[in-house]
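# Summary of structural features
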Amino acid sequence: MNARPSCLSISGLTAILPNGSRVLRSVSLDVKPGEVHALVGESGAGKSMIGKALLGVLPPSVRQVEGSIALEGTELETLGAAARRRLIGARTALIPQDPLTALNPSRRIGPQMSDRLTHILGWPAERARNRIREMLAEVHIREPDRVIAAYPHELSGGMRQRVLIAAAFAAEPRLIVADEPTTALDVTVQKQILRLIADLQRQHGTAILFVTHDLGVVAKISQSVTVLYAGMVVERAPTPALFATPQHAYTRALMAATPRYTDPASSLQPVGSAVLAELALEVQNADNEWKRAHG
Amino acid sequence: MDSARITRRSGARLWLAGFWLALVFIAAVAAPLLAPQDPLAQDLLYERLPPFWMNGSESGYPLGTDSLGRDLLSRLIYGARIAVLVAFTAALSACVLGSALGLIAGYYGGWADRIISRIVDIWMAFPPVLFAILLVAVLGTGLHSVIIAIAVIDWTRFCRVVRAETMVQARMDYIENARIAGFGRWRIMLSEVLPNVLPPIVALLSLEMGIAVIVEAILSFVNLSISTDDPTWGGIIAEGRLSIHQAWWILVFPLVTLFLTVLSFSQFGEGLKSRFDPVLR
Ligand SMILES: Nc1ncnc2c1ncn2[C@@H]1O[C@H](COP(=O)(O)OP(=O)(O)OP(=O)(O)O)[C@@H](O)[C@H]1O
Ligand SMILES: [Mg+2]
């Protein structure tokens, strides 16, 4: 057994909408220090919601009603609001899906990035600026000074995502949530960005909760996986085990729907109706149980 | 239309408007140095002198005189003082008050938004000119009540625009990113949201300065602003109206001055707005 606490430990996380329906249905997952944990599921499964919950930015209409989230052994619930904000700010970061809206359009890149560092780490401005230049070099930006002085709209999508990756790693967080960081990019850029994240992750030893719906990416980048359906954990396993012996019919169906994992020539198969019926039943059972427990 | 052409066109507009506003501003600041005559000095021998290009004009009175023989140009120059003073203080107060409330309503949402938005709705139900006359009647005539009236009435313009714009910005991922980094609400409002709502604020501020000048002129016209001795554009227009058949220039020159100033303020605002916007720049 590993004596070190998990980098991120979520257990029984339940979140509801104002009408009482559950967006997250008692989700539990563990991310070990320095590992990449993939979170897979189709659109609307609640992947982003898990990330938002642990980063403390759930939308106002979504309320966490149960469960605990611990960062390196510290339960977030035990902290006051201010201490929680500080902990999340210091230990985590986000690489977002859309690099255009994730940068402030009316501020130059440099100050935008270094602001974070001076705020989170209490560094003087000069030191933060040097760190930014260092990080921009690490993400292979050749003219850091031009980028530092640029406004976001002056950079290409790939460049912006590099900037955001640099910003995410700059304060040396322990955990980064990467929420579909390549979906908004050109196919050719996607591979480079993925490689870049993997490289930096290894060099910095940062754990990543990697949200994706692409099993190809999961196989390439992650050490363990959680499969999510309708806010419910369907399967959780080390990545090699998941691909070797998928336990749940839904996981197998997802794999069948990803051409790279079967014969590339074979046609895509949608998730079968039998599997969907089984999932619907499981969701139903989970909801009934939850209702019984909560009156 | 390519962006270079947009820039050039808004550039010309910005320069023309800026030029006129600079003239008005200089006139206001340096009125005693620039005015050829004492704006209050009456001279019954010189009453209703025509402007310089007409028969019967006198040197030293380039735009002619009013029905009491006071130099029109000097009165317009001194009138710029009141206009500029009102434009800055009243519009700026309305801007600060409205923008602050708009930011809070837009960023906090919930109860704060509901209360502020309701107040704005109620406010905007009053016809503004009537509201202004009513306020001045309550506060007593005088420049300070004109300024207060404009700020109290027109903050809602800023509030509505800033609130809507803030709500758009608050949904953006960069705000979420700032929250994750642990920035507080005020810090986010001031250093993340505000720069993005600044272009419309600047445009509105300039427009509002024009409005303030007009409102002051209207209140002077109906004799609710400062005492009639001090020259104000609205006051000169009121006097000019009485002798329109004998001396059209007493009415026309202050009207043109007023028109150019108000137009310049709005054009200057529009020009600055496109200049400020980093995406259009
Ligand atoms: N602001 C919101 N208010 C209420 N419900 C929301 C909100 N945002 C998302 N949801 C709902 O929560 C559920 C989970 O959404 P989430 O964004 O986590 O999905 P996702 O797995 O990230 O999907 P995608 O792959 O499309 O990003 C969805 O059913 C969605 O409709
Ligand atoms: Mg998502």
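In this text the structure is predicted, and so the values were computed from the model without any measurement.

Reading the values: the criteria
- Residues numbered from 1 in each chain as written.
- Chains lettered and ligands numbered in written order.
- Predicted model: local features only at pLDDT ≥ 70, side-chain atom pairs only at ≥ 80, totals over all residues.
- Heavy atoms only, no water.
- Helix = DSSP H or I, 4+ residues; strand = E, 2+ residues; numbered from the N terminus.
- Rg over C-alpha atoms; globule rule 2.2 N^0.38 Å.
- Contact = heavy atoms within 4.5 Å.
- UniProt positions renumbered as here; feature names shortened; annotations may be inferred.
- Buried < 20%, exposed > 50% of the residue type's maximum accessible area, 1.4 Å probe, protein only.
- Salt bridge = Lys/Arg side-chain N within 4 Å of Asp/Glu carboxyl O.
- Polar contact = N/O pair within 3.5 Å; in protein donor to acceptor, adjacent residues only side chain to side chain.
- Pairing = 2+ DSSP bridges.
- Phe/Tyr/Trp six-rings, centres within 6.5 Å; stacked < 30°, edge-to-face > 60°.
- Lys NZ or Arg CZ within 6 Å of the ring centre and 35° of its normal.
- Near = heavy atom within 4 Å.
- Areas by Shrake-Rupley, 256 points an atom, 1.4 Å probe, with all protein chains shown as cover.
- pLDDT = per-residue confidence, 0-100.
- Patch = residues over 30% accessible without salt bridge, like charges linked within 9 Å, V, L, I, M, F, W, Y side chains within 5 Å.
- Axes fitted to C-alpha atoms, helices over the stretch in contact; angles between N-to-C directions.

Across its full length, chain A holds 11 helices and 10 strands. The C-alpha radius of gyration of chain A comes to 20 Å, within 12% of the 19 Å expected for a compact globule of 295 residues. Dimensions along the principal axes, computed over C-alpha positions, put chain A at roughly 60 × 50 × 40 Å. Contacts in chain A between residues far apart in sequence, at least 24 positions, make up 66% of those at least 6 positions apart.

Moving on: the UniProt feature "domain: ABC transporter" (unreviewed entry) in chain A. Residues annotated by UniProt as "domain: ABC transporter" (unreviewed entry) correspond here to residues 8-255 of chain A. Along residues 8-255 of chain A the backbone is 42% helical and 25% strand, and the end-to-end C-alpha distance reaches 27 Å.

Let us now look at unusual backbone geometry. Working note: non-glycine residues mostly have negative phi, and peptide bonds are mostly trans. Residues and elements named next belong to chain A. Even without being a glycine, Glu 72 presents a positive backbone phi close to 45 degrees. The topology assignment puts Glu 72 in the loop between strand S4 (63-71) and strand S5 (74-75). Note on Glu 72: relative accessible area 24%, which makes it partly exposed. For His 140, which is not glycine, the phi torsion reads 60 degrees and is therefore positive. Here His 140 is to be found in the loop between helix H4 (125-138) and helix H5 (144-148).

Contact residues are listed per partner, giving 26 residues for chain A and 19 residues for chain B. Across the chain A-chain B interface, the total number found is three salt bridges. Notably, a salt bridge pairs B:Glu176 with A:Lys52, separated by 3.0 Å at the nearest N-O pair. On the surface where chain A and chain B come into contact, there are 10 residue pairs in polar contact (both at pLDDT 80 or more). Per-element accounting of the side of chain A that touches chain B gives the leading share, four residues, to helix H3 (residues 109-121) of chain A.

With that out of the way, let us pick up the sheet that holds S4(A). Residues and elements named next belong to chain A. Reading across the sheet, the four strands line up as S2-S1-S4-S5 and stay open at both edges, with antiparallel pairing between neighbours. Only two strands of the sheet have a single partner each, and these edge strands are strand S2 (22-31) and S5. Pairing analysis gives two bridges linking S4 to S5, with the strands arranged antiparallel. Residue pairing in the sheet places Leu 71 in a bridge with Thr 74 of S5.

With that settled, consider the packing of aromatic side chains. Residue and element names in this part refer to chain B. Scanning the model with the defined rule gives nine aromatic pairs over all chains in all. On the numbers, 6.4 Å between centres and 80 degrees between planes, the contact of Tyr 107 with Tyr 108 is edge-to-face. Judged by its relative accessible area of 32%, Tyr 108 is partly exposed. The structure contains a cluster of three or more aromatic residues connected by ring pairs, namely Trp 53, Trp 248, Trp 249 and Phe 253. The positively charged end of Arg 114 is found above the aromatic ring belonging to Trp 111, 4.7 Å away from the centroid.

All right, on to the UniProt feature "transmembrane region" (unreviewed entry) in chain B then. Residue and element names in this part refer to chain B. According to UniProt, the positions carrying the feature "transmembrane region" (unreviewed entry) are residues 12-35, 82-108, 129-153, 201-226 and 247-268. Measuring from the first to the last C-alpha atom of residues 12-35 gives 29 Å, for a span that is 92% helix and 0% strand. Taken end to end, residues 82-108 is 100% helix and 0% strand, and its first and last C-alpha atoms sit 38 Å apart.

Our next topic: the site of ligand 1. All names here are of chain A. Taken together, the neighbourhood of ligand 1 is formed by 14 residues, with Ser 43, Gly 44, Lys 47, Ser 48 and Ser 61 sitting nearest. Contact between ligand 1 and Gly 46: an oxygen atom at 3.0 Å from a main-chain N or O atom of the residue. In the environment of ligand 1, an oxygen atom lies 2.9 Å from a nitrogen or oxygen atom belonging to the backbone of Lys 47. Within the complex, 62% of the 640 Å² of free accessible area of ligand 1 lies under protein. Residue contributions to the shell around ligand 1 peak at three residues, all from helix H1 (residues 47-55).

This next bit is on the pairing of strand S10 (residues 232-238) of chain A. All names here are of chain A. Across six bridges, strand S9 (residues 224-229) lies against S10 in antiparallel orientation. If you follow Ser 224 over to S10, its bridge partner there is Pro 238. Counting the residues between successive antiparallel strands, the hairpin from S9 to S10 contains two residues, one of them, Ala 230, with a positive phi of roughly 50 degrees.

This part is about the pattern of salt bridges. A side chain with one charge may pair with a side chain of the opposite charge, provided their charged atoms come close. Scanning the model with the defined rule gives 21 salt bridges over all chains in all. Note that A:Glu134 and A:Arg131 form a salt bridge whose closest N and O atoms lie 3.0 Å from each other. Of the two residues, A:Glu134 and A:Arg131 both sit in helix H4, three residues apart, roughly one turn of that helix. A single salt-bridge network, built from bridges that share partners, covers A:Arg107, A:Asp115, B:Arg187 and B:Glu192.

What follows deals with the confidence of the model for chain B. Averaged over chain B, the pLDDT score is 87; the fraction of residues at 70 or greater is 94%. Interface confidence for the predicted complex, expressed as ipTM, amounts to 0.89; the pTM equals 0.85.

Once that is clear, we can look at a nonpolar patch on the surface. A cluster of nonpolar side chains, contributed by B:Phe52, B:Trp53, B:Ile244, B:Trp248, B:Val252 and B:Val256, occupies part of the molecular surface with about 550 Å² of accessible area. If you trace the backbone, B:Ile244 turns up in the loop between helix H9 (233-242) and helix H10 (249-276).

This brings us to the sheet that holds S10(A). All names here are of chain A. The strand order across the open sheet formed by six strands is S6-S7-S8-S3-S9-S10, and the pairing between neighbours is mixed. Bordering the open sheet on either side are strand S6 (92-95) and S10, each of which pairs with just one other strand. Looking at each pair of strands side by side, their axes are set apart by 15 degrees on average, direction ignored. Relative to strand S8 (residues 207-212), strand S3 (residues 36-40) is paired through five bridges, and the arrangement is parallel. Looking at S8, one finds that Leu 39 is bridged to Val 211. In the packing of helix H6 (residues 157-170) onto the sheet, the strands contacted are S6, strand S7 (175-179) and S8, and the crossing angle to S6 comes to about 170 degrees.

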